[in-house]
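Secondary and tertiary structure notes
Now for the letters of each chain:
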Amino acid sequence: MRNVARTGGLCLLALVAFGAHAAELRGTPKELRDYLQSERTDVRVVGESEIVAYTDTAVVTIVVRTKEKTLSASLGANQSLRTALTRDLEAAGVAKEAIRSTAFSSSPTYRLFGRKPSSYEVVNRLTVKVGDEGQLQRVSTLVDAREEFTIGAVDFEDSREDALKRQADLAALDDAREAAQQYADRLGLTVEPRAFTFEAIRIQASRAAMVMEEAAMAGSSADSYSLKADRVAQPTSFDERTYRSRVTVTFEVVD
């Protein structure tokens, strides 16, 4: 995991100076000074950060498709295939709780001008969570072994996502604070933070992940993804993600 903080991208957005007063001011020099000093001068500074990390989980969607003359036969065949596949996945090292049935559908096929269906197609989907590329390859081998199995999608997840978002936000705050202090030191000022606003954090996958998703939509097997993806294999990780945070901090010039 790499933390890439970018201080060069900071910008000073606005400096709110004293406004003009149309009304006549009266009082002692001290009273006038205290009144003018009550006017706030604010500076808004933008801080940015990037956290680069690798996902630790791949979620593979496996489509199980059967077609028989009767609905009961198609349902039974589909269930038998899913049971056998689940057994083979567990033997390949996939945890039982990482295998879930997520969707089911059935559709009849009719002969021309016929009222009674000539066959029934049953489609079921399993999601399989794997923790390394070795498991992903073993899953793809099992899918390629039967024509009833296809891979519908491969998605990436990161169990540390919330922690990485917070880390990126904190790094952006540090970036803004350091920039504000540099400006203040150069101008001989003293500033204090008063408010801050974050933009929605952006999470960007590498080109490899997009290629893999495109391949999945085209019906390619997971085994072919690594051939199409231009990336360096990591021993216990999958796709590279970049977490980008941007914050605007308002500082008050106090001296």
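No experiment lies behind these values; they were computed from the predicted model shown.

**A word on the packing of aromatic side chains**
Enumeration over the complete set of coordinates arrives at 1 aromatic pair. When the ring of phenylalanine 196 is compared with that of phenylalanine 198, the centres are 5.8 Å apart and the planes differ by 75°; the resulting orientation is edge-to-face. Taking the relative accessible area as the measure of exposure, phenylalanine 198 reaches 30% and is therefore partly exposed.

**Considering the pattern of salt bridges**
For the structure on display, the rule yields 12 salt bridges. The residue arginine 177 makes a salt bridge to aspartate 174 at a minimum N-O spacing of 3.6 Å. Taken as a pair, arginine 177 and aspartate 174 lie in helix α4 (residues 161-187) at a separation of 3 residues, close to a single helical turn. A relative accessible area of 47% places arginine 177 in the partly exposed class. Look at aspartate 174 and you get partly exposed, because its relative accessible area is 36%.

**Description of the sheet that holds strand β6 (residues 117-130)**
The 4 strands lie next to each other as β5-β6-β4-β7, forming an open sheet whose pairing is antiparallel. Sheet topology places β5 (99-110) and β7 (149-157) at the edges, where each strand pairs with a single neighbour. When the angles between neighbouring strand axes are averaged without regard to direction, this sheet yields 15°. Pairing of β5 with β6 involves 11 bridges; the strand directions are antiparallel. Paired with serine 106 across the strands is valine 122, a residue of β6. Of the strands in this sheet, β4 (57-68), β6 and β7 are in contact with helix α3 (residues 133-144), which crosses β7 at around 160°.

**So, the nonpolar core**
Ile62, Val94, Val128, Val130 and Val139 are the most contacted members of the largest nonpolar core, which totals 21 residues. The set of elements that each furnish at least two residues to this core consists of β4, α2 (71-91), β6, α3 and β7. The contacts of isoleucine 62, once residues within four sequence positions are left out, are Leu85, Asn124, Arg125, Leu126, Val128, Val139, Val143, Phe149 and Thr150. Core analysis: the next-biggest nonpolar cluster, separate from the first, contains 12 residues, Ala176, Ala184, Val191 and Val253 among them.

**Let's talk about the confidence of the model for the protein chain**
Confidence in the prediction for the protein chain averages 79 pLDDT; 73% of positions are at 70 or higher. Predicted confidence in the protein chain is weakest over helix α6 (residues 222-228), with a mean pLDDT of 36, and strongest over α4, with 95. Across residues 4-22 the pLDDT falls below 50, and counting only partners more than four positions away or on other chains, this stretch makes 38 contacts in the model. Confidence drops under pLDDT 50 across residues 216-236; counting only partners more than four residues distant or on other chains, this segment forms 37 contacts.

Criteria and cut-off values
Residues numbered from 1 in each chain as written. Predicted model: local features only at pLDDT ≥ 70, side-chain atom pairs only at ≥ 80, totals over all residues. Heavy atoms only, no water. Phe/Tyr/Trp six-rings, centres within 6.5 Å; stacked < 30°, edge-to-face > 60°. Buried < 20%, exposed > 50% of the residue type's maximum accessible area, 1.4 Å probe, protein only. Salt bridge = Lys/Arg side-chain N within 4 Å of Asp/Glu carboxyl O. Helix = DSSP H or I, 4+ residues; strand = E, 2+ residues; numbered from the N terminus. Pairing = 2+ DSSP bridges. Axes fitted to C-alpha atoms, helices over the stretch in contact; angles between N-to-C directions. Contact = heavy atoms within 4.5 Å. Core = buried A, V, L, I, M, F, W, Y, C linked by side-chain atoms within 4.5 Å. pLDDT = per-residue confidence, 0-100.

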